[in-house]
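Here is how the chains run, residue by residue.
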Amino acid sequence: MMSQLQFRDAFWCRDFTAHTGYEVLQQRLLDGRKMCKDMEELLRQRAQAEERYGKELVQIARKAGGQMEINSLRASFDSLKQQMEDVGSSHIQLALALREELRSLEEFRERQKEQRKKYEAVMDRAQKSKLSLYKKAMESKKVYEQKCRDADDAEQAFERISANGQQKQVEKSQNKAKQCKDSATEAERVYRQNIEQLEKVRAEWEQEHRTTCEFYEEVRVTLEGCSVEADIDSFIQAKSTGTEPPAPVPYQNYYDREVTLSPSSPGVHPSCGMIKRFSGLLHGSPKTSPLAASAASTDAPPPSPSRNEVVYAAVAVQEVPRSPTLPAQGHRALYDYRAQNSDELDISAGDILEVILEGEDGWWTVERNGQSGFVPGSYLEKL
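Residues numbered from 1 in each chain as written. Predicted model: local features only at pLDDT ≥ 70, side-chain atom pairs only at ≥ 80, totals over all residues. Heavy atoms only, no water.

Caption draft 1: The arrangement of the pattern of salt bridges in detail. This structure, assessed with the given rule, holds 26 salt bridges. Two residues, E206 and R210, come together in a salt bridge whose shortest N-O distance is 3.3 Å. Of this pair, E206 and R210 both sit in helix α3 (residues 167-222), 4 residues apart, which is roughly one turn of the helix. Through salt bridges that share partners, D9, E199, R202, E206 and R210 make up one connected network. (Salt bridge = Lys/Arg side-chain N within 4 Å of Asp/Glu carboxyl O. Helix = DSSP H or I, 4+ residues; strand = E, 2+ residues; numbered from the N terminus.)

Put into structure tokens, the structure is as follows:
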């Protein structure tokens, strides 16, 4: 037997910054609220018709003549009038019962509206907090990686100068390398702290999402006279956005990543071994002698003494080729978005935008009518 589908397991999005599943459920509840109003209007009009018809029957029965007749025909006519009046009274009673049902339905809709607003407020705070911390974590990650690159460059420069430079130049280079190391260490601390805060907020948001989905599902269960299980299964099968929540954003150490090269650049040699060689500076390991430093790199063949400086120079100037900046592309906004910060841009569903830059953190730089700013990339579709 197939297990019962549930809202809390069927409306996730793998994109960390997207909330499409929750928006689908919100729209479903708004549609349900409109259905309640339509049902209320139907009952209201039916009650008015029943009351009007019943009063007319009672009025007809009471105005009917026949007072001059005698014997059995008079009794039959009076019985007919009484039956008509009873039928009219029953229709009036039905109108009262329909109005009572109408009142109950209105109260149910208002109660659900108040509870829905409470859950929506909690979810709105959780989503905004998650997006804000995600953006902050991605920015601190960029700073951390840049500080690590600066520390690598400073260490390589120190190695070159210590081989042939003057004592004053060596001390100056050593001080710069230490400053870069300290900056990278501080940037790493901030980045790691932001990731930990983001994970805490993500877990809270995930729990609120499950709780809200359970509440939305209970709204359907409250309704009687329907096949609740069949309705829920049908809706989930038609509108499901995913069965897994977004994965946590991991902390990524700058020196633990593997360097991959494009096949179209055969002349550039991997520098991963050199990066690992200088990673000791960032992590606070003591300075080693030139002989020990050359022995630490076991991934590449040892260079000849006469070419040591050439090797360092090659490492210092190597750069991974960057992909050219893409031309602006036309996109359409799928949803409304209100800017939360000064560097963001307000958009409305249906707006046509030019995408300037697609950020890796999910925030895209767009332009519209001469104004530019950040918007969530998941809110856009390509034309």
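Caption draft 2: The nonpolar core, seen in detail. Counting residues in hydrophobic clusters, the biggest one holds 20 residues, and the most contacted among them are Y134, Y144, L198 and V249. Only α2 (71-164) and α3 provide two or more residues apiece to this core. In contact with Y144, not counting residues within four places along its chain, are A184, A187, E188, Y191, Y251, Q252, N253 and Y254. Counting residues in hydrophobic clusters, the runner-up holds 16 residues, among them F7, W12, A126 and F235. (Core = buried A, V, L, I, M, F, W, Y, C linked by side-chain atoms within 4.5 Å. Buried < 20%, exposed > 50% of the residue type's maximum accessible area, 1.4 Å probe, protein only. Contact = heavy atoms within 4.5 Å.)

Caption draft 3: The arrangement of unusual backbone geometry in detail. The phi angle at N369 is positive, at roughly 55°, despite the residue not being glycine. With respect to the element layout, N369 can be found in the loop between β3 (363-368) and β4 (371-376). Taking relative accessible area as the criterion, N369 reaches 76% and is therefore assigned exposed.

Caption draft 4: Local environment of the confidence of the model for the protein. Taken over all residues, the pLDDT of the protein has a mean of 78, while the share at 70 or more is 77%. When pLDDT is averaged over each helix and strand of the protein, the minimum, 34, is found for helix α7 (residues 308-317) and the maximum, 92, for β4. Across residues 258-327 the pLDDT falls below 50, and counting only partners more than four positions away or on other chains, this stretch makes 50 contacts in the model. (pLDDT = per-residue confidence, 0-100.)

Caption draft 5: Spatial organisation of the pairing of strand β2 (residues 352-358). Across 4 bridges, β2 lies against β3 in antiparallel orientation. Bridge pairing in β3 links E354 to E367. Connecting β2 to the next strand, β3, in antiparallel fashion are 4 residues, including G362 with a positive phi near 90°. (Pairing = 2+ DSSP bridges.)

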